[in-house]
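Each chain, letter by letter, is given below.
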Amino acid sequence: MTAVLTRRPGLSRMRAARSPLHLVCLGLVGLIVTAALLAPWLAPHDPNAVDLGGALAGPSAGHPLGVDAAGRDTLSRLLLGARTSLFGPLGVVVFSTLAGVAVGTAAAWRGGWLDSLLSRSTELVFAFPGLLLAILIISVYGEGLLAPVVALAVAYLPYVSRLTRSLVLAERERPYVSAYLIQGHSALQICLRHVLPNIAPVVLAQATINFGYALMDLAGLSFLGLGVPPLTPDWGRMVLDGQTAVQHGYPLSAVMPCVLIVLTVVAFNVVGERWADRVARRA
């Protein structure tokens, strides 16, 4: 008599969730977020303290990562720059997700002319590059973090709205929606209490992936000198300011922010994609 071994349905999901790459990226995300929150207490020096006499000095006991062309401590600017580099993409993701979910839900639930109007409007935004929109808004309102965050939020909105529309259309065909409508529940009650909680994991997984792309876009704008003001610690701005140090053979002030940008984007993308895979398998 032979025994038949069956695998529990949740076992593969648990193993996928515990994959080494996912755990490393999840830990990296937690470490970077913690460093950004505690940056004012972790930074060993004032990130804007200028010491031209010690400019372009290499690593030392007082400055583990050296200093930049203005004599500012690289490690301190990396820690404080994490706050700007993470809070900006967070604003992009929050604004684009909330607006995109509202637009996608309204288009899918109402249908008809409203669906056509909202769908055509989002397609127009698709045709306009997000970075170009950010550059145009910055040229009108000047440098700072608010203008590029708003511009990129508008550029990311169609992606969230199209995803939400497809998910809500699928949910609306389910029997529980018809049952609640027959019982006299309003469309707003059904969407807020049942439809949106059901699609929230997929939307949040997409938001995690969008966070990495927003970080990269904002860093690119700062590198072009169109993001935060010059004295504000920011990873993209540090790459721009570190060009002089690279030319003189001291690349750490420019290389380290590049490394952190790449690691953060990869970590958030891996975590978001893993989350999306788990949601798909659960579905």
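Report on the accompanying structure. (Residues numbered from 1 in each chain as written. Predicted model: local features only at pLDDT ≥ 70, side-chain atom pairs only at ≥ 80, totals over all residues. Heavy atoms only, no water.)

Our next topic: the pattern of salt bridges. Summed over the entire model, instances satisfying the criterion amount to 4 salt bridges. Asp-68 is paired through a salt bridge with Arg-72; the nearest N and O atoms lie 2.9 Å apart. On the basis of relative accessible area, Asp-68 is assigned to the buried category, the value being 6%. The class for Arg-72 is buried, based on a relative accessible area of 7%. Between Asp-241 and Arg-72 there is a salt bridge; the shortest N-O distance is 3.7 Å. Residue Asp-241 is located in helix H10 (residues 235–241), and its partner Arg-72 is located in the loop between helix H3 (39–42) and helix H4 (74–110); the two are separated by 169 residues in the primary sequence. (Salt bridge = Lys/Arg side-chain N within 4 Å of Asp/Glu carboxyl O. Buried < 20%, exposed > 50% of the residue type's maximum accessible area, 1.4 Å probe, protein only. Helix = DSSP H or I, 4+ residues; strand = E, 2+ residues; numbered from the N terminus.)

One finds Leu-86, Phe-211, Leu-215, Trp-235 and Ile-261 to be the most contacted residues of the largest nonpolar core, which totals 21 residues. Elements represented by at least two residues in this core include exactly helix H2 (20–37), H4, helix H9 (187–223), H10 and helix H12 (252–282). With 6 residues, H12 is the single largest residue contributor to this core. Not counting residues within four places of it along the chain, the set of residues in contact with Leu-215 comprises Ser-85, Leu-86, Pro-89, Ile-261, Thr-264 and Val-265. Listed in part, the 11 residues of the second largest apolar core include Trp-109, Val-168, Cys-191 and Val-195. (Core = buried A, V, L, I, M, F, W, Y, C linked by side-chain atoms within 4.5 Å. Contact = heavy atoms within 4.5 Å.)

The next thing to look at is a nonpolar patch on the surface. Together, Val-33, Leu-37, Leu-38, Trp-41, Leu-42, Phe-87, Leu-90, Val-94, Phe-95 and Leu-98 make up a nonpolar patch on the protein surface, roughly 1,000 Å² of accessible area in all. Elements with a contribution of two residues or more to the nonpolar patch: H2, H3 and H4. Considering each element in turn, the nonpolar patch owes the most residues, 5 residues, to H4. For Leu-90, the position within the fold is in helix H4. Assessed through its relative accessible area of 42%, Leu-90 is described here as partly exposed. (Patch = residues over 30% accessible without salt bridge, like charges linked within 9 Å, V, L, I, M, F, W, Y side chains within 5 Å. Areas by Shrake-Rupley, 256 points an atom, 1.4 Å probe, with all protein chains shown as cover.)

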